[in-house]
Amino acid sequence: QVQLVESGGGLVQPGGSLRLSCAASGIIFKINTMGWYRQPPGKERELVARISSAVPSYANSVKGRFTISRDNPKNTVYLQMNSLKPEDTAIYYCNVRAYNLGLVDYWGQGTQVTVSS
């Protein structure tokens, strides 16, 4: 029933920009945070950015380049990615953490971001 639909990934040259979006549906519990994780090739999944209410936080590797935002009425989270680097290449996963007795994580299917010339 819970569905996170991601979009916006693709190919981009170094220095370029992409905007990811993730629309959550079917979540009947209060959302605590929404965010983005990524998994580079051969590496572990890592937190990129998250936002609780209107307060964002970022991994140091993307600080100053990425901007996360949240549209609460639409249950949608965005990730504006600027000044992209090859090391940003990864599968990006949307994450929603919601209250269900305890906090429960929901995940999108992942969207590929490739930064290459």
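Here the structure is shown first, and the text comes after it.
Residues numbered from 1 in each chain as written. Predicted model: local features only at pLDDT ≥ 70, side-chain atom pairs only at ≥ 80, totals over all residues. Heavy atoms only, no water.

1. A look at the nonpolar core
Phase 1: Judged by nonpolar contacts, the single largest core of 30 residues is most densely connected at Trp36, Leu79, Met81 and Tyr92.
Phase 2: Among the secondary structure elements, those contributing two or more residues to this core are β3 (18-25), β4 (31-39), β5 (46-52), β7 (66-71), β8 (76-81), β9 (90-100) and β11 (111-115).
Phase 3: With 5 residues, the top contributor of residues to this core is β9. (Core = buried A, V, L, I, M, F, W, Y, C linked by side-chain atoms within 4.5 Å. Buried < 20%, exposed > 50% of the residue type's maximum accessible area, 1.4 Å probe, protein only. Helix = DSSP H or I, 4+ residues; strand = E, 2+ residues; numbered from the N terminus.)

2. Brief notes about the pattern of salt bridges
Phase 1: Here the structure, examined in full by the defined rule, presents 4 salt bridges.
Phase 2: Note that Glu46 is salt-bridged to Arg38, the shortest N-O span being 2.8 Å.
Phase 3: Note on Glu46: relative accessible area 31%, which makes it partly exposed.
Phase 4: The buried category is assigned to Arg38, whose relative accessible area is 3%. (Salt bridge = Lys/Arg side-chain N within 4 Å of Asp/Glu carboxyl O.)

3. Re the side chain of Asp88
Phase 1: Position of Asp88 among the secondary structure elements: in the loop between β8 and β9.
Phase 2: Residues within four places of Asp88 in sequence aside, it is in contact with Arg38, Val62, Arg65, Phe66, Ser83, Val113 and Val115. (Contact = heavy atoms within 4.5 Å.)

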